[in-house]
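Architecture at a glance
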Amino acid sequence: MGSDKHTLDYYNSKAKDFVSGTVDVVFTEIQDMFLEYIPANGKILDFGCGSGRDTKYFLSQGFDVNAIDGSEELCKIASEYTGIQVKQMLFEELNEVELYNGVWACASILHVERKQLPEIIKKIAVATKKGGIVYTSFKYGDFEGIRNGRFFTYLTEESFEELLRKVPELAIEKLWISADVRAERGEERWLNIVLRKLD
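This report concerns the structure included in the present document. (Residues numbered from 1 in each chain as written. Predicted model: local features only at pLDDT ≥ 70, side-chain atom pairs only at ≥ 80, totals over all residues. Heavy atoms only, no water.)

**Some remarks on the layout of surface pockets**
Estimates place the volume of the largest pocket at around 590 Å³. Lining the largest pocket we find 40 residues, and of these Phe18, Thr22, Cys106, Ala107 and Trp190 sit closest to its centre. If you list the elements that add at least two residues to the lining of the largest pocket, you get α2 (15–22), α4 (53–60), β5 (128–139), β7 (150–153), β8 (170–179) and β9 (189–197). By residue number, the principal contributor to the lining of the largest pocket is β5, which donates three residues. Its residues assigned to classes, the lining of the largest pocket shows 19 nonpolar, 10 polar and 11 charged. (1 Å grid on protein atoms, 1.4 Å probe; cavity = no way out; pocket = protein on both sides within 12 Å on 5 of 7 lines; lining within 4 Å. Points joined across faces, edges and corners; volume = space filled by probe spheres on them. Helix = DSSP H or I, 4+ residues; strand = E, 2+ residues; numbered from the N terminus. Nonpolar A, V, L, I, M, F, W, Y, C, P; charged D, E, K, R; others polar.)

Structure (structure tokens):
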């Protein structure tokens, strides 16, 4: 996650509650869709891994995974859960170059201010191999600010496409709206995006 203090404090103080609410959510449909784009044994970055749910799944499917999160407490829990060392790192600290076949930024960079998102997405693009894939998701709408103790940027198709104009290395491969998969979150909608890094 980004360096927003409210958000980091939230995840550090409520790490166990957050993990218990997300770690067992069945997300295989989107995970498998993402993995279809990644070569066998390919290298994946879980960018803001939270509980480690997705990292653990990708590892179980034979992929080479690096996982990062900004919350020290979530890194501890996710390291134990996944069996790999989850690195504590802020989004803006990403500086790898063409290392990953895929970057998974599921419900993570939505904690970045809208004005900072192009810079973060550009860092993701640089870290992705040519022809590689990025998956990311945002709460759907036009809100930006603090909700439930965390900073959020909501996006629509139009506002995301506007941001992406500043990152010409990436093109939209697929974009769709989905309902929240967590119990009692049926009204909440998500913007899901698959991006491809151009050759």
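**Regarding the sheet that holds β8**
Strand order in the open sheet formed by seven strands is β3-β2-β1-β4-β5-β9-β8, with mixed pairing between adjacent strands. Two strands lie at the open edges of the sheet, namely β3 (87–88) and β8, each paired on one side alone. Relative to strand β2 (residues 64–69), strand β1 (residues 43–47) runs parallel, the two being bridged by five bridges. Bridge assignment links Lys43 to a residue of β2, and that residue is Asp64. Sheet contacts for α4: β1, β2 and β4 (100–105); angle to β2, the most-contacted strand, approximately 170°. The sheet strands contacting helix α6 (residues 117–127) are β1, β4, β5, β8 and β9, and the helix crosses β5 at an angle near 145°. (Pairing = 2+ DSSP bridges. Contact = heavy atoms within 4.5 Å. Axes fitted to C-alpha atoms, helices over the stretch in contact; angles between N-to-C directions.)

**Re the nonpolar core**
Taken as a class, soluble globular proteins show a tendency for nonpolar side chains to be buried jointly. By size, the foremost hydrophobic cluster in this structure holds 32 residues, and its most contacted members are Phe47, Ile109 and Phe160. With six residues, α6 is the single largest residue contributor to this core. In this view, Phe47 contacts Ile68, Met89, Phe91, Leu94, Val103, Trp104, Ala105, Ser108, Ile109, Ile120 and Ile124; residues no more than four positions away in its chain are not counted. Within the second largest apolar cluster, 16 residues are counted, among which are Phe27, Ile44, Ile133 and Val194. (Core = buried A, V, L, I, M, F, W, Y, C linked by side-chain atoms within 4.5 Å. Buried < 20%, exposed > 50% of the residue type's maximum accessible area, 1.4 Å probe, protein only.)

**A look at helix α7 (residues 157–164)**
Each turn of an α-helix holds 3.6 residues, which means side chains three or four residues apart point in the same direction. When α7 is considered as a whole, its buried residues turn out to be Ser159, Phe160, Leu163 and Leu164. In a view along the axis of α7, the buried residues occupy a sector of 140°, so they form one face of it. Relative to its buried face, α7 has exposed residues pointing more than 90 degrees away, namely Glu158 and Glu162. Contact partners of the buried residues in α7: α6, β5, β8 and β9. (Arc of directions from axis to C-beta.)

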